[in-house]
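Here is what each chain is made of, one letter per residue.
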Amino acid sequence: MAIWAQTPYWLSNPNPNLSLRSSLLLALAVSICLAGGTLFLVPFHSARNAASTFSFSSANISTDRYFLNLRFPHRRVLAVKTDPLRVRIDQIRKQAADHAGLASAYASYARKLKLENSKQLRLFAEISRNFSLLISDHRHLLESLSPIDEPSLRRFEHDVKDRIRAARTLITDAKESFDNQLKIQKLKDTIFAVNEQLTKAKKQGAFSSLIAAKSIPKSLHCLAMRLMEERISHSDRYGDPESPPPALENPRLYHYAIFSDNVLAASVVLNSAVKNAKDPSKHVFHVVTDRMNLGAMQVMFKLKDYAGAHIEVRAFEDYKFLNSSYVPVLRQLESANLQRFYFENKLENATKDTTNMKFRNPKYLSMLNHLRFYLPEMYPKLHRILFLDDDVVVQKDVTALWKIDMDGKVNGAVETCFGSFHRYAQYMNFSHPLIKQKFDPKACGWAYGMNFFDLDAWRKEKCTEQYHYWQNLNENRTLWKLGTLPPGLITFYSTTKPLDKSWHVLGLGYNPSISMDEIQNAAVVHFNGNMKPWLDIGMNQFRPLWTKYVDYDNEFIRLCNFGA
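Residues numbered from 1 in each chain as written. Predicted model: local features only at pLDDT ≥ 70, side-chain atom pairs only at ≥ 80, totals over all residues. Heavy atoms only, no water.

An unreviewed UniProt entry lists the protein chain under the name Hexosyltransferase, with Dendrobium thyrsiflorum given as the organism. Among the UniProt annotations of the protein chain, the heading Pathway (unreviewed entry) holds the following wording: "Glycan metabolism; pectin biosynthesis." As recorded by UniProt, the Sequence similarities (unreviewed entry) comment attached to the protein chain reads in full: "Belongs to the glycosyltransferase 8 family." (UniProt positions renumbered as here; feature names shortened; annotations may be inferred.)

Here is the structure:
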């Protein structure tokens, strides 16, 4: 049924002169037209003209010549009876065109990003072509005015849906590559996850390294046992002389202090120092160990001629003044709480404080590590002495140290601070009022391992008494955590003379990026860290610097399978 848009003139403006008969005829015409299914409502100039120009039938309303001469206003059709299949096919075509355009846009953007060779660009371009081909193949459906074949329409719809599904999947997968915000968020998430994994791996690595550093390699244990066996079997060969040689107390010679329970490491230190000395006969080495390793040390240093160098081997138990009533750290080391802390090997507990984890090594329970604070009392007749750790290698003659003007300072050491690293704040608790009051948190730290001590200045400054004072205050570890460096920094706070960095290069036990030029120019290189050269975890690029001074001619070393 079609209806003209404007209200018929004869309805909106009825003629008062219209007769009753004419009105009835018009009403009848409207009823018959409604029953027939087609009705044209048209404006008339008068009701009488309308009544005379219509002829009625049960099926339609026709016009005569007079009707054709009537004037009709031009009006627009508001709605027409549409084909639902045609509406459906238009919607499918629009969806296909939208996704084809989207795929083309992604392909165009990929070209701008110079991704011509990427898989994504090829896929987007292919999907866009597929949409175009699909629409082209079904053009007869899209443009034909004839009735639409519903099975063909269904096939067309199925093909379009398949391509739309493929396009959406590809866009979802590729969105991260084109959406900058999404890419940034993805990168942030990745960085966060990797940092979490890195932190966890660092803790586990530090803990594993700590366990490895605590261990004694089988070959090293073998060497100590074979040397001890030799000492027991031939006790007459290795007994101490009745009176010590005068050279051991001669202050005009060059004296070294080496405190260690590692017989192989101590021998490397001594071998390297002797080999690079201009006149070994003027050098005196004071080797101190514990009672358990004393026999092995005695045998090791009597099996070889050290070019006239003088060697003294003693156990720290022989120094009677070292007892718990005089030495605060001995009393503290006997504490069950402190020993439990050192030997607590659970990962979740041992890694709580990764900054100070290196100080958890049980070597700090050994009195050998604290003997350095008692050098003036151990060697009362000496004026100066060079302290060497057992993980160093001497590469040059170091007698020039005895010629240095110490300016009244006690400790000659190489400073290790750079930027904000290795400052006093890193080693001590500056939230404690005593530490905050006495020390500068930005003061530069220095290294143990090669320290030249003026023993006369030490006695004058009463440094041992200062050490005892602070060690007693730190019984509950509130001033510093662990180790010997923090109390050393405190004891020699204002009495340390900085040495040139070429005297002592550190980090060969943890830092693989040290330049070989710096190492070759150093008088002493230090394998500080957990990766000691006698362990399997030692760094291969630095290990030859140490193995160079291992005495592979020693029959006991050969028997214990130390590889060259």
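So, next bit.
> Before we move on, can you summarise the overall build of the protein chain with the specific residues and values?
Looking only at helices and strands, the protein chain features 23 helices and 12 strands. Within the protein chain, the fraction of its 564 residues that count as buried is 44%. Considering only intrachain contacts with a sequence separation of at least 6, the fraction spanning at least 24 residues in the protein chain is 75%. Within the structure as shown, the protein chain displays about 31400 Å² of accessible surface, and the carbon and sulfur contribution to it stands at 53%. (Helix = DSSP H or I, 4+ residues; strand = E, 2+ residues; numbered from the N terminus. Buried < 20%, exposed > 50% of the residue type's maximum accessible area, 1.4 Å probe, protein only. Contact = heavy atoms within 4.5 Å. Areas by Shrake-Rupley, 256 points an atom, 1.4 Å probe, with all protein chains shown as cover.)

> Residue-level account of the pairing of strand S4 (residues 283-289), with values.
Counting buried residues along S4, seven of its seven residues qualify, which places the element largely inside the surrounding structure. Of the two faces of S4, both are covered, the one formed by His283, Phe285, Val287 and Thr289 as well as the one formed by Val284, His286 and Val288. Bridging between strand S3 (residues 254-259) and S4 involves six bridges; their strand directions are parallel. For Phe259, the partnering residue across the bridge sits in S4 and is Val288. Read as a crossover between parallel neighbours, the route from S3 over helix H11 (residues 263-275) to S4 is right-handed. (Pairing = 2+ DSSP bridges. Right-handed = clockwise from strand over helix to strand, strands pointing away.)

> Go over the nonpolar core, please, and point to the residues and values.
Counting 63 residues, the largest nonpolar core has Leu223, Val398 and Leu401 as the members making the most contacts within it. When residues of this core are assigned to their parent elements, the largest contribution, nine residues, is made by H11. Setting aside chain neighbours within four positions, we find Leu401 in contact with Arg384, Leu386, Met450, Phe452, Leu499 and Trp503. Within the second largest apolar cluster, 45 residues are counted, among which are Tyr379, Ile435, Ala443 and Leu479. (Core = buried A, V, L, I, M, F, W, Y, C linked by side-chain atoms within 4.5 Å.)

> With reference to specific residues and values, describe the state of the cysteines.
Applying the stated criterion across every chain yields a total of two disulfides. A sulfur-sulfur distance of 2.1 Å marks the disulfide that ties Cys222 to Cys560. In this structure the cystine formed by Cys222 and Cys560 twists about its S-S bond by roughly -75°; its chirality is therefore left-handed. Of the two residues, Cys222 sits in helix H10 (residues 218-233) while Cys560 sits in the segment after helix H23 (555-559), which places them 338 residues apart along the sequence. Judged by relative accessible area, which is 4%, Cys560 ranks as buried. For Cys417, the disulfide goes to Cys444, at an S-S distance of 1.7 Å. (Disulfide = S-S within 2.5 Å.)

> With reference to specific residues and values, describe the layout of surface pockets.
A volume near 410 Å³ is recorded for the second largest pocket. Around the second largest pocket sit 16 residues that line it, and Asp240, Pro241, Ile311, Glu312 and Val313 are the ones nearest its centre. Elements that contribute at least two residues to the lining of the second largest pocket include exactly helix H12 (294-300) and strand S5 (310-315). Sorting elements by how many residues they give to the lining of the second largest pocket places S5 first, with six residues. A breakdown of the residues in the lining of the second largest pocket according to their chemical character gives nine nonpolar, two polar and five charged. (1 Å grid on protein atoms, 1.4 Å probe; cavity = no way out; pocket = protein on both sides within 12 Å on 5 of 7 lines; lining within 4 Å. Points joined across faces, edges and corners; volume = space filled by probe spheres on them. Nonpolar A, V, L, I, M, F, W, Y, C, P; charged D, E, K, R; others polar.)

> Describe in detail the sheet that holds strand S10 (residues 496-498), supporting the description with residues and values.
Reading across the sheet, the seven strands line up as S5-S4-S3-S6-S9-S8-S10 and stay open at both edges, with mixed pairing between neighbours. The sheet is open, and its two edges are formed by S5 and S10, each paired on a single side. Here the strands of the sheet are splayed against their neighbours by 25° on average, with no regard to which way each runs. Bridge count between S3 and strand S6 (residues 384-388): three bridges; the pairing is parallel. Across the sheet, the residue bridging to Ile258 is Leu388, located in S6. The strands touched by H11 within the sheet are S3, S4, S5 and S6, with S4 carrying the most contacts at an inclination of about 175°. (Axes fitted to C-alpha atoms, helices over the stretch in contact; angles between N-to-C directions.)

> Let's hear about the pattern of salt bridges: which residues, and what values?
Throughout the structure, instances matching the rule amount to 11 salt bridges. Note that Lys381 and Glu249 form a salt bridge whose closest N and O atoms lie 3.2 Å from each other. Highlighted residues: Lys381 in the loop between helix H16 (375-378) and S6 and Glu249 in the loop between H10 and S3, separated in sequence by 132 residues. Residue classification places Glu249 among the partly exposed residues on the basis of a relative accessible area of 43%. (Salt bridge = Lys/Arg side-chain N within 4 Å of Asp/Glu carboxyl O.)

> Account for the confidence of the model for the protein chain, with residues named and values stated.
Summary statistics for the protein chain give a mean pLDDT of 79 and a share of 75% for residues scoring 70 or more. This stretch, residues 1-81, has a pLDDT under 50; its non-local contacts, to residues over four places away or in other chains, come to 66 contacts. (pLDDT = per-residue confidence, 0-100.)

> So what's going on with the packing of aromatic side chains? Residues and values would help.
This model, assessed by the stated rule, comprises 25 aromatic pairs. Ring geometry for Phe453 against Trp458: centres 5.2 Å apart, planes inclined by 65°, an arrangement best described as edge-to-face. For the pair Phe453 and Trp458, one class covers both residues: buried. Of note, Arg314 hangs over the ring of Tyr319, and the distance from its end group to the ring centre comes to 4.3 Å. (Phe/Tyr/Trp six-rings, centres within 6.5 Å; stacked < 30°, edge-to-face > 60°. Lys NZ or Arg CZ within 6 Å of the ring centre and 35° of its normal.)

> Explain the sheet that holds strand S7 (residues 392-394) to me, and be specific about the residues and the numbers.
An order of S7-S12-S11 is seen for the three strands of this open sheet, with the pairing classed as mixed. Of all the strands in the sheet, just S7 and strand S11 (504-505) have a single pairing partner and so form its edges.

> If you had to explain the side chain of His283 to someone new, which residues and values would you point to?
Within the secondary structure, His283 sits in strand S4. The exposure class assigned to His283 is buried, which follows from its relative accessible area of 2%.

> So, the side chain of Asn271: which residues are in play, and what are the values?
Its location among the elements puts Asn271 in helix H11. Every residue in contact with Asn271, bar those within four places of it in the chain, is listed here: Lys304, Tyr306, Tyr549 and Asp551.

> Provide a residue-level description of helix H19 (residues 463-473), including the pertinent values.
Given 3.6 residues per turn, any residue in an α-helix points the same way as the ones three and four places further on. For H19, every residue scored as buried is listed here: Cys463, Thr464, Tyr467, His468, Trp470 and Gln471. Elements that come into contact with the buried residues of H19 comprise helix H13 (328-333), H16, helix H17 (433-438), helix H18 (455-461) and helix H20 (485-491).

> Hey, could you go over the environment of Ala125 for me, with residue numbers and the actual values?
As for its position among the elements, Ala125 is in helix H6 (residues 119-137). Here the alpha-carbon distance between Ala125 and Tyr106, two residues 19 residues apart in the chain, equals 8.7 Å. Not counting chain neighbours up to four residues away, the residues in contact with Ala125 comprise Ala107 and Arg111.

> I'd like a description of H11, backed by residues and values.
Its 13 residues give H11 an end-to-end C-alpha distance of 18 Å, which sits within 8% of 18 Å, the value for a rise of 1.5 Å per residue. For H11, the buried fraction is high: 12 of the 13 residues fall into the buried class. Listing the buried residues of H11 in full gives Val263, Leu264, Ala265, Ala266, Ser267, Val268, Val269, Leu270, Asn271, Ser272, Ala273 and Val274. Capping of H11 at its N-terminal end is provided by Asn262; its side-chain oxygen lies 3.2 Å from the backbone amide nitrogen of Leu264. (Expected span 1.5 Å × (residues − 1). Polar contact = N/O pair within 3.5 Å; in protein donor to acceptor, adjacent residues only side chain to side chain.)

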